[in-house]
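Summary of the model geometry
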Amino acid sequence: YPIGNTLTMSWTYNGTPGPTVNIDVYKGSGILKTLTGIPLGSGGSGSYSVTIPSATPLGADYSIRVTSSSYSACTDTSDGMFSII
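Here is a short report on the structure shown in this document. Computed from a predicted model, the values in this text were never measured in an experiment.

Cut-offs used in this document
- Within each chain, residue numbers correspond to sequence positions counted from 1 in written order.
- Totals for whole chains, interfaces and linings use every residue, but because this is a predicted model, local features are given only for residues with pLDDT of at least 70 and side-chain atom pairs only at 80 or more, for both listing and counting.
- The side-chain numbers reported here are obtained from all heavy atoms of the structure, hydrogens and water having been left aside.
- Put simply, DSSP H or I for four residues or longer makes a helix, DSSP E for two residues or longer makes a strand, and each gets a number counted from the N terminus.
- Burial status follows relative accessibility: with a 1.4 Å probe on protein chains alone, a residue under 20% of its type maximum counts as buried, one over 50% as exposed, and anything between as partly exposed.
- Residues adjacent in sequence count toward polar contacts only when both atoms are side-chain atoms; beyond that, a polar contact is any pair of N or O atoms within 3.5 Å, and within protein one must be able to donate a hydrogen and the other to accept it.
- Contacts are assigned to residue pairs that have any heavy atoms within 4.5 Å of one another.
- Should a side-chain nitrogen of Lys or Arg be within 4 Å of a carboxyl oxygen of Asp or Glu, the pair is scored as a salt bridge.

1. Thoughts on the side chain of T67
- In this structure, T67 sits in strand β5 (residues 59-68).
- On the basis of relative accessible area, T67 is assigned to the buried category, the value being 12%.
- A distance of 2.7 Å separates the side chain of T67 from the side chain of T75, its partner in a polar contact.
- Among all residues touching T67, those that are not within four sequence positions of it are V21, N22, S72, C74 and T75.

Quick look at the structure:
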């Protein structure tokens, strides 16, 4: 994903994990940014889009973790890494 472009993060869920999620953006093994209070979505799926800021470090070691704001055990991390270029 090039700096300045839109990154859309999407997820699916079962049951009722609460009204919002937190999204952790990882670079390597550390959290670069946490987005809080993102609406869960409806019908078993949700998504959130951000514009990649110009100050974002470049690299091929990014991943995303989505966690319910209400139930921390309801969490998942992206299946693979992605790059910011």
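2. Re the pattern of salt bridges
- All chains considered together, the criterion is met by two salt bridges.
- A salt bridge links D24 to R65; its shortest N-O distance comes to 2.6 Å. Note that D24 is positioned in strand β2 (residues 20-27) and R65 in strand β5, a separation of 41 residues in sequence.
- The exposure class of D24 is buried, given its relative accessible area of 7%.
- On the basis of relative accessibility, which here comes to 25%, the residue R65 falls in the partly exposed class.
- Between D61 and K27 there is a salt bridge, with its nearest N and O atoms 2.8 Å apart. Taken together, the residues D61 in strand β5 and K27 in strand β2 connect sequence positions 34 residues apart.
- Judged by its relative accessible area of 26%, K27 is partly exposed.

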